[in-house]
Amino acid sequence: MPAWMSDLRRDGFLGGRLQLWQPARGYRSGADAVMLAAACAAEPGDRVLELGCGAGVASLCLGARVRDLRLTGLERQPDYAALARRNAAESGIEMQVLEGDLALPHADLRGAGFDHVIMNPPYFLGGTPAPDQGRATARTEETPLDLWLDAALRRLRPKGWLTVIQRADRLDRLIAGLQGRAGAIAVLPVAAREGREAGRVIVAARKGARAPLRLLAPFVMHAALRHEADGEDMTPAAQAVLREAAPIRL
């Protein structure tokens, strides 16, 4: 058992609606997971798969906003998968958590089709790995982004929706990987402050659709033009999403 499993903390999400266990040291989900959940347009009764679910934060934020979903998470690190199951159970949200590598067909997913697939692939291609193995695995790409997209599209039903959050400088790879397989692509740039370049993008695409790509107005996280004091300075839109469980409509 890794050391962090005995050193956990409960983090609040959605204005305290969810209290989820995460490592005190190591990889922890934050605003990106909440934004990913908010951008998924799932409706009650839909089947939703999260690839690389970690401790379950994105799926459980989605489940807290939209009731009666059939949630499934796939996570290759067994300790994080166990944490996701614990978080789901303590939150009273039904979620199946499978252990496995998305690059390898999982027996429980063969033949399964989902209305939505959500994912937050690792952002970093290389560099010095984090000292904590779980954090390094979650943040550094080992499985190429193309394989993430392949796995997601295989599991989607026809006309199902894929929702991804990723670094803005990888948008070209996302669009290239979707070419000819998914359309109705909506790209939402996410900028820290007004006038700043987007650091993240949220991309939604519909399997088998042919509608043209749309580039949306940026979603701005902070109200002030620069960081001048400690404390939150979120825009009303960010406050609504991160604290009040509002959706992001793409």
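Above this text sits the structure in question.
An account of the accompanying structure is given in this report. (Residues numbered from 1 in each chain as written. Predicted model: local features only at pLDDT ≥ 70, side-chain atom pairs only at ≥ 80, totals over all residues. Heavy atoms only, no water.)

Examining the overall build of the protein chain
When helices and strands are counted, the protein chain shows seven helices and 11 strands. Counting across all 250 residues of the protein chain, residues that qualify as buried make up 50%. For the protein chain, restricting intrachain contacts to residue pairs at least 6 apart in sequence, the fraction spanning at least 24 positions comes to 69%. Roughly 11,800 Å² of accessible area belongs to the protein chain as shown, and the carbon and sulfur atoms make up 50% of that amount. (Helix = DSSP H or I, 4+ residues; strand = E, 2+ residues; numbered from the N terminus. Buried < 20%, exposed > 50% of the residue type's maximum accessible area, 1.4 Å probe, protein only. Contact = heavy atoms within 4.5 Å. Areas by Shrake-Rupley, 256 points an atom, 1.4 Å probe, with all protein chains shown as cover.)

Examining the packing of aromatic side chains
The description of two aromatic rings rests on the distance between their centres and on the angle between their planes. A full pass over the atoms with the stated rule returns zero aromatic pairs. Over the aromatic face of Phe-114 sits the side chain of Arg-47, whose NZ or CZ is 4.7 Å from the ring centroid. (Phe/Tyr/Trp six-rings, centres within 6.5 Å; stacked < 30°, edge-to-face > 60°. Lys NZ or Arg CZ within 6 Å of the ring centre and 35° of its normal.)

With respect to the nonpolar core
Formed by 44 residues in total, the largest nonpolar core has its most connected members in Leu-18, Met-35, Leu-62, Phe-219 and Ile-248. Elements that contribute at least two residues to this core include exactly β2 (18–23), α1 (31–39), α2 (57–65), α3 (78–91), β5 (95–99), β8 (182–193), β11 (219–222) and α7 (236–244). The element best represented in this core is α1, accounting for seven residues. Beyond its immediate sequence surroundings of up to four residues, Leu-62 is in contact with Ala-37, Cys-40, Ala-42, Val-48, Leu-69 and Leu-71. Grouped together as the second largest cluster of nonpolar side chains are 28 residues, Leu-109, Leu-153, Leu-174 and Ile-175 included. (Core = buried A, V, L, I, M, F, W, Y, C linked by side-chain atoms within 4.5 Å.)

Digging into helix α5 (residues 145–155)
Those residues of α5 that fall on the buried side of the exposure criterion are Leu-145, Trp-148, Leu-149, Ala-151, Ala-152, Leu-153 and Arg-155. Residues of α5 that are buried sit in contact with β3 (47–51), β6 (114–119), β7 (156–167), α6 (171–178), β8 and β9 (198–207).

Details of the pattern of salt bridges
What the rule picks out here adds up to 11 salt bridges. Of the charged contacts, one joins Arg-173 and Asp-146 as a salt bridge, the two residues approaching to 3.6 Å between their closest N and O atoms. Taken together, the residues span a long stretch of sequence, with Arg-173 in helix α6 and Asp-146 in helix α5 at a distance of 27 residues. According to the relative accessible area criterion, Asp-146 is partly exposed, its value standing at 34%. Here Asp-169 and Arg-167 are joined by a salt bridge, their closest N and O atoms 2.8 Å apart. (Salt bridge = Lys/Arg side-chain N within 4 Å of Asp/Glu carboxyl O.)

A short note on the layout of surface pockets
Computed from the structure, the second largest pocket encloses a volume of approximately 270 Å³. Surrounding the second largest pocket, 18 residues form its lining, Ala-39, Cys-40, Ala-41, Ile-248 and Leu-250 being those nearest its centre. Among the secondary structure elements, those contributing two or more residues to the lining of the second largest pocket are α1, β7 and β8. (1 Å grid on protein atoms, 1.4 Å probe; cavity = no way out; pocket = protein on both sides within 12 Å on 5 of 7 lines; lining within 4 Å. Points joined across faces, edges and corners; volume = space filled by probe spheres on them.)

Brief notes about α1
When you tally the buried positions in α1, you get seven out of nine residues, the bulk of the element. Regarding α1, the residues found buried are Ala-33, Val-34, Met-35, Leu-36, Ala-37, Ala-38 and Ala-39.

Some details on unusual backbone geometry
The backbone of Lys-159 shows a phi angle near 70°, a positive value even though the residue is not glycine. Along the chain, Lys-159 turns up in strand β7.

Thoughts on the pairing of β2
A regular strand places its side chains on the two faces of the sheet in alternate fashion. Across the six residues that make up β2, a large majority, five, are buried. As paired elements, strand β1 (residues 8–13) and β2 share six bridges and run antiparallel to each other. Note on β2: the bridge partner recorded for Gly-12 is Gln-19. Hairpin connection from β1 to β2: four residues lie between these consecutive antiparallel strands, with Leu-14 at a positive phi of about 55°. (Pairing = 2+ DSSP bridges.)

Comments concerning empty space enclosed by the protein
Empty pockets left among the atoms are what a rolling probe the size of a water molecule brings to light. This model, assessed by the stated rule, comprises three cavities of 30 Å³ or more. Taken as a whole, the largest cavity spans an internal volume of roughly 80 Å³. Among the elements that make up the lining of the largest cavity, the one with the highest residue count is α5 (three residues). Partitioning the lining of the largest cavity into residue classes produces seven nonpolar, one polar and two charged. Grouping the amino acids of the lining of the second largest cavity by side-chain chemistry returns nine nonpolar, no polar and one charged. (Nonpolar A, V, L, I, M, F, W, Y, C, P; charged D, E, K, R; others polar.)

Section: the environment of Val-117
Take Val-117: it is sitting in strand β6. Classification of Val-117 by relative accessible area gives buried; the value is 0%. Not counting residues up to four positions away in its chain, the partners in contact with Val-117 are Leu-49, Leu-51, Ala-152, Arg-155, Leu-156, Trp-161, Leu-162 and Thr-163.

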